[in-house]
Each structure stands twice: as C-alpha cells, then as structure tokens.
Amino acid sequence: MDMNKILDDTFMDVLIQRIVDEVVRRIKNQPKKAVVFFTGGAIGFRQSMDSLLKLQKDGWQLKVVLSDDGMKVLNPDAIQKELNLDAVYHSGNIKSQKELYSSADILIIGTMSINTA
C-alpha cells in the first residue's frame, strides 16, 4: 500500500475524530431547555418539584405553564419562587404558544389531572 495513502487516511481519521469531539463538547455545554406543564392535579406535585430542582442543578432551563385548573389548585407564586423563575405562564399571560415551545428540547408533564389524562 502506498505510504501517502496511509498517511492521508490516518490524517482524515484524526481530523474526523477531533471534529466529532468538538461537536459533542459543544452539545454538552449547550443549555438544556424544557417546558413543564401542570394541570389541576396535585397528587405527585411535591415529587415533581423535587425532580425539577434536580434538573435545574443539572443545568436545565425551565419554563412552567399552568392550565386554568392548575391556576386554581396550585400556587403559581410559590412555584415561581421555589424554581427561581422569571414567570409562570398561564392562559392570561401567554402571548404566543410558540414562545413557550420553540426553543424547548423536551416537554414535561409535571402533574396531570384525571380529566386531562
């Protein structure tokens, strides 16, 4: 086999691996974003909040949305304070649904009422 061919192949393998390593590094360093929905269900709420706090510690940026019944059953101010959020979204303050989910990596259902299920 030609020595130049071997060197070219080796160089390409090293170059490709460096590119892959850099892409993986950048992906890992990107903020992870989630939209979290709470409906009128209160069962499991505390466990959901504990899990959301763990996600935040892992670097996740959260947007929380409450349904109309969620606004009646849950305390949006307490959620906002505990998760240190700029806002808790609901039907009264959502200008565009796209603003909520356009940059989200994942959608999470924090709690769900029987009616929603």
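A brief look at the structure comes next.

Rules of the game
- Residues numbered from 1 in each chain as written.
- Predicted model: local features only at pLDDT ≥ 70, side-chain atom pairs only at ≥ 80, totals over all residues.
- Heavy atoms only, no water.
- Core = buried A, V, L, I, M, F, W, Y, C linked by side-chain atoms within 4.5 Å.
- Buried < 20%, exposed > 50% of the residue type's maximum accessible area, 1.4 Å probe, protein only.
- Helix = DSSP H or I, 4+ residues; strand = E, 2+ residues; numbered from the N terminus.
- Contact = heavy atoms within 4.5 Å.
- Arc of directions from axis to C-beta.
- Polar contact = N/O pair within 3.5 Å; in protein donor to acceptor, adjacent residues only side chain to side chain.
- Pairing = 2+ DSSP bridges.
- Axes fitted to C-alpha atoms, helices over the stretch in contact; angles between N-to-C directions.
- Salt bridge = Lys/Arg side-chain N within 4 Å of Asp/Glu carboxyl O.

The next subject is the nonpolar core. In this structure, Phe38, Val64 and Ile79 are the most contacted members of the largest nonpolar core, which totals 15 residues. For this core, the element with the highest residue contribution is strand β2 (residues 60–66), accounting for 4 residues. Contacts of valine 64, omitting those with residues within four sequence positions, involve Val36, Phe38, Ile79, Leu83, Leu85, Val88 and Tyr89.

Take helix α4 (residues 76–83) next. The complete set of buried residues in α4 reads Pro76, Ile79 and Leu83. Looking straight down α4, one finds that the buried residues subtend no more than 60° of arc, so they occupy a single side. Residues Asp77 and Lys81 are exposed on α4 and point more than 90 degrees away from its buried face. Put simply, asparagine 75 is the residue that caps the front of α4, since its side-chain oxygen is 3.0 Å from the backbone nitrogen of aspartate 77.

Turning our attention to the sheet that holds β2. Sheet architecture is open: 4 strands sit in the order β3-β2-β1-β4, paired in parallel fashion. Only two strands of the sheet have a single partner each, and these edge strands are β3 (88–89) and β4 (106–111). Judged from the 5 bridges that link them, strand β1 (residues 32–38) and β4 form a sheet pairing that is parallel. For alanine 34, the partnering residue across the bridge sits in β4 and is isoleucine 106. Across the sheet, helix α2 (residues 45–57) touches β1, β2 and β4, and the angle it forms with β1 is around 170°. The strands touched by α4 within the sheet are β2 and β3, with β2 carrying the most contacts at an inclination of about 180°.

Time to look at the pattern of salt bridges. Within this structure, the stated rule accounts for 4 salt bridges. Residue arginine 46 pairs with aspartate 50 through a salt bridge whose shortest N-O separation is 3.1 Å. Taken as a pair, arginine 46 and aspartate 50 lie in helix α2 at a separation of 4 residues, close to a single helical turn. Here arginine 46 and glutamate 82 are joined by a salt bridge, their closest N and O atoms 2.4 Å apart. Linking arginine 46 in helix α2 with glutamate 82 in helix α4, this pair joins segments that are 36 residues apart in sequence. Looking at arginine 46, the relative accessible area reads 38%, which means it is partly exposed. One connected set of salt bridges, linked through shared partners, spans Arg46, Asp50 and Glu82.

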